[in-house]
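# Results of the structural survey
Chain by chain, the residues:
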Amino acid sequence: MTRVRLSVAQRRGDLLRAAIEQIEARGVAAVRIADVASALGVSNALVLYHFSSKEQLVAAAFRHAAEGDLAHLRKLLGRRSPALRRLRSAVRWYAPTGQAKGWRLWIEGWAAALRDPALREVAQDLDRQWKAALAEVIAEGVAAGEFRCPDPAGTALRLTALLDGLAVQLTSYAGAVPRARAQEWVEEALARELGLTEEARPGALDTAPTGTARPPRGP
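Residues numbered from 1 in each chain as written. Predicted model: local features only at pLDDT ≥ 70, side-chain atom pairs only at ≥ 80, totals over all residues. Heavy atoms only, no water.

### Here's the deal with helix 1 (residues 8-26)
Quick note on the threshold: Only DSSP runs of H or I with at least four residues qualify as helices, and only runs of E with at least two residues qualify as strands; both kinds are numbered from the N terminus onward. Multiplying 1.5 Å by the residue count of a helix minus one yields the expected span of that helix. When a residue's accessible area, from a 1.4 Å probe over protein chains only, is under 20% of the maximum for its type it is buried; when over 50% it is exposed; and in between it is partly exposed.
Taking 1.5 Å as the rise per residue, helix 1 with 19 residues should run 27 Å; its terminal C-alpha atoms sit 26 Å apart, in good agreement. Among the residues of helix 1, those classed as buried are Arg11, Gly13, Leu15, Leu16, Ala18, Ala19, Ile20, Gln22 and Ile23.

### Brief notes about the environment of alanine 37
Stated formally: The contact criterion used throughout is that any non-hydrogen atoms of two residues lie within 4.5 Å.
Take alanine 37: it is sitting in helix 2 (residues 33-40). Along the backbone, alanine 37 and alanine 18 are 19 residues apart, and their C-alpha atoms lie at a distance of 8.4 Å. Sequence-distant contacts of alanine 37, that is, excluding residues within four places in its chain, are made with Val42, Ser43, Asn44 and Val47.

### Considering the pattern of salt bridges
Quick note on the threshold: By definition here, a salt bridge exists when the distance from a side-chain nitrogen of Lys or Arg to a carboxyl oxygen of Asp or Glu is within 4 Å.
Counted according to the given criterion, the structure contains eleven salt bridges. Close ionic contact of aspartate 35 with arginine 26 constitutes a salt bridge, the shortest N to O distance being 3.7 Å. Between glutamate 140 and arginine 86 there is a salt bridge, with the nearest N and O atoms lying 3.0 Å from each other. Here arginine 86 lies in helix 5 (residues 83-94) and glutamate 140 lies in helix 7 (residues 117-143), a separation of 54 residues in the sequence.

### Quick word on helix 2
Along helix 2, the residues classified as buried are Ile33, Asp35, Val36 and Ala37. The inward-facing, buried residues of helix 2 contact helix 1, helix 3 (44-50) and helix 4 (54-77). Two residues or fewer after helix 2 comes glycine 41, characterised by a positive phi angle close to 70°.

### Points about the confidence of the model for the protein
Worth spelling out the cut-off: What pLDDT reports is the predictor's confidence in each residue, on a scale of 0 through 100.
Of all residues in the protein, 84% have pLDDT values of 70 or greater, and the mean over the chain is 84. At the level of individual helices and strands, the protein shows its lowest average pLDDT in helix 6 (residues 101-113), which scores 81, and its highest in helix 2, which scores 96. Counting interchain partners and residues more than four positions distant, the pLDDT-below-50 stretch residues 203-216 has 47 contacts.

### A word on the packing of aromatic side chains
What counts is decided by this rule: Any two rings among Phe, Tyr and Trp, with Trp reduced to its six-membered ring, count as a pair given centres within 6.5 Å; such a pair is stacked if its planes are under 30 degrees apart, edge-to-face if over 60, and tilted if neither.
In this structure the tally under the stated criterion is four aromatic pairs. Residues tryptophan 93 and tryptophan 130 carry aromatic rings whose centres are separated by 5.9 Å and whose planes lie at 40° to one another, so their mutual orientation is tilted. Here tryptophan 93 is found in helix 5, whereas its partner tryptophan 130 is found in helix 7, with 37 residues between them in sequence. Judged on exposure class, the residue tryptophan 93 and its partner tryptophan 130 are both buried. Ring geometry for tyrosine 94 versus tryptophan 103: centroids 5.4 Å apart, planes at 75°, classification edge-to-face. Each member of the pair, tyrosine 94 as well as tryptophan 103, carries the same accessibility label: buried. An aromatic cluster is present here, built from Trp93, Tyr94, Trp103 and Trp130 joined pairwise through their rings.

Quick look at the structure:
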């Protein structure tokens, strides 16, 4: 059987995807270079050729996972529709379900970033990009007269902090917060931050899809 020779970019992509799967299954602390190599049927040396250490591989894997989510966020926020509709779409996509693998991945990442400077730098950079994207669409809505918000950056921070906190509760402590109630709190917070009237407030985010992947965030 002829072995297909992969390009450097293809090989790195395969290694990063395998690393994400192994982190989700084993956790950052327990995952080894050998686990990633074994998952792909390659040697440890090949993994280390592309990533000189486990720390570099883990940081690159988190960036790879997060950049995919950032691309999806920008697609949602870049649609030609009212800012409020785009913002709600982003929040619905982000809303924690308590089951998504992506949320477990990022909770692992937050913990590891406390001790890993390389991972902390990646996480903080992505966190800034995430908040900036939300703040930008909030500012667009204010300029268009759709809602009121004197501090778009502060609103983006508070909303994501609420979502992150609820994600920890739903993912780490089964039954701590009913999913439907958590979604109501998110919608109430969004309405409060944007000064929406009762007439402009939709129902709870009960149409959010289950299994939502964890968007990019930082500690």
